[in-house]
Amino acid sequence: MKDVNTPSIRDTLGLEDAFATYVFDESRVDLSGWNSTHAFFRALLEEFKPKLILELGVWKGMSSLHMAVQSKKLGLGTEIVAIDTWLGSSAHLSSKGRRAELSPRNGYPTLYETFLANVHSKGMQDVIIPLPMDGNSAAYALKRLGVKADMIHIDASHEYDACLNDFRNYWDLLADDGVMLCDDYGIWAEVSRAVCQFAAEVNRPVWTSMAKAIICKDPSVGFDLTLTKRRKIKVL
């Protein structure tokens, strides 16, 4: 359970409650996503019992929602700061036909409304705190405010330089006994390369299962993983 004597991360950051005056629009609910219920989420929640999670790259909020639901089941009192611009990635401009995924109105994406509707539909407004900022600016501000997270999920850029920059920026925001979970490892070649480069820079081992990679802040922490089955993958 959350300690009522501990200030919420929303208060610490001086954020307004995004849902205080929100009017639910059921037509915006879209509970689709990728890798959002990976087994690593539940395992890391059980092992690290995080009080604060930062998620960089939120999209429609499915990973945030999964972590919120699981943390409630475990009685952890977890808060999740969901960091995104909700403006899309480079692929939404460079790949034909993908712009429509952002539900633009008057030329401006409205994906944030889908995220809000999804969170409201699952009743997780008390766990998930949206922070609409770009990753670099958010990391800078969070560092200045002295924020330390027990768990960080990185699911933002798929380009090598930007991805590596995210790992570097958010590593300093991770508590000494915290864990970083990286999405799209083994799926996007540039992401896989960035994960390996970053792990080498901080001299940490990487534990992986398709689409996810774990890097722990404490160099003495490791895991036993079980090989279960072989499956076909698509590398992008």
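Everything that follows concerns the structure shown earlier in this document.
The next thing to look at is the overall build of the protein. The helix and strand inventory of the protein stands at eight helices and seven strands. Its C-alpha atoms give the protein a radius of gyration of 17 Å, near enough to 18 Å, the size a compact globule of 236 residues would have. Among the 236 residues that make up the protein, the fraction classed as buried is 46%. Pairs at least 24 apart in sequence give 76% of the contacts found in the protein among residues at least 6 apart.

One finds Phe167, Tyr170 and Met180 to be the most contacted residues of the largest nonpolar core, which totals 35 residues. Those residues in contact with Phe167 that lie beyond four places of it in its chain are Ile154, Met180, Cys182, Ala194, Val195 and Phe198. In terms of nonpolar packing, the next biggest core, distinct from the first, is built from 33 residues, Phe19, Leu44, Leu111 and Cys216 among them.

It is worth spelling out the layout of surface pockets at this point. With a probe scaled to a water molecule rolled over the atoms, the places where space remains empty come into view. Size it by volume and the largest pocket reaches roughly 960 Å³. Those elements that provide at least two residues to the lining of the largest pocket are β1 (52-56), α3 (62-73), β2 (79-84), α4 (91-94), α6 (135-144), α7 (160-171) and β5 (174-185). Taken as a whole, the second largest pocket holds about 540 Å³ of empty space. Together, 20 residues line the second largest pocket, and Phe40, Thr208, Ser209, Thr226 and Thr228 are the ones closest to its centre. Counting residues per element, the ones that place at least two in the lining of the second largest pocket are α2 (39-48) and β6 (207-209). With five residues, α2 is the largest single contributor of residues to the lining of the second largest pocket. Looking at side-chain class alone, the lining of the second largest pocket contains 10 nonpolar, five polar and five charged residues.

Here we come to the sheet that holds β6. With respect to topology, seven strands assemble into an open sheet ordered β3-β2-β1-β4-β5-β7-β6, the strand pairing being mixed. Bordering the open sheet on either side are β3 (128-132) and β6, each of which pairs with just one other strand. Adjacent strand axes in the sheet meet at a mean angle of 20° when their direction is disregarded. α2 contacts β1, β4 (149-154), β5, β6 and β7 (211-216) of the sheet and is inclined by roughly 175° relative to β5. Against the sheet, α7 engages β1, β2, β4, β5 and β7, with an angle of about 165° to β5.

What counts and how
Residues numbered from 1 in each chain as written. Predicted model: local features only at pLDDT ≥ 70, side-chain atom pairs only at ≥ 80, totals over all residues. Heavy atoms only, no water. Helix = DSSP H or I, 4+ residues; strand = E, 2+ residues; numbered from the N terminus. Rg over C-alpha atoms; globule rule 2.2 N^0.38 Å. Buried < 20%, exposed > 50% of the residue type's maximum accessible area, 1.4 Å probe, protein only. Contact = heavy atoms within 4.5 Å. Core = buried A, V, L, I, M, F, W, Y, C linked by side-chain atoms within 4.5 Å. 1 Å grid on protein atoms, 1.4 Å probe; cavity = no way out; pocket = protein on both sides within 12 Å on 5 of 7 lines; lining within 4 Å. Points joined across faces, edges and corners; volume = space filled by probe spheres on them. Nonpolar A, V, L, I, M, F, W, Y, C, P; charged D, E, K, R; others polar. Pairing = 2+ DSSP bridges. Axes fitted to C-alpha atoms, helices over the stretch in contact; angles between N-to-C directions.

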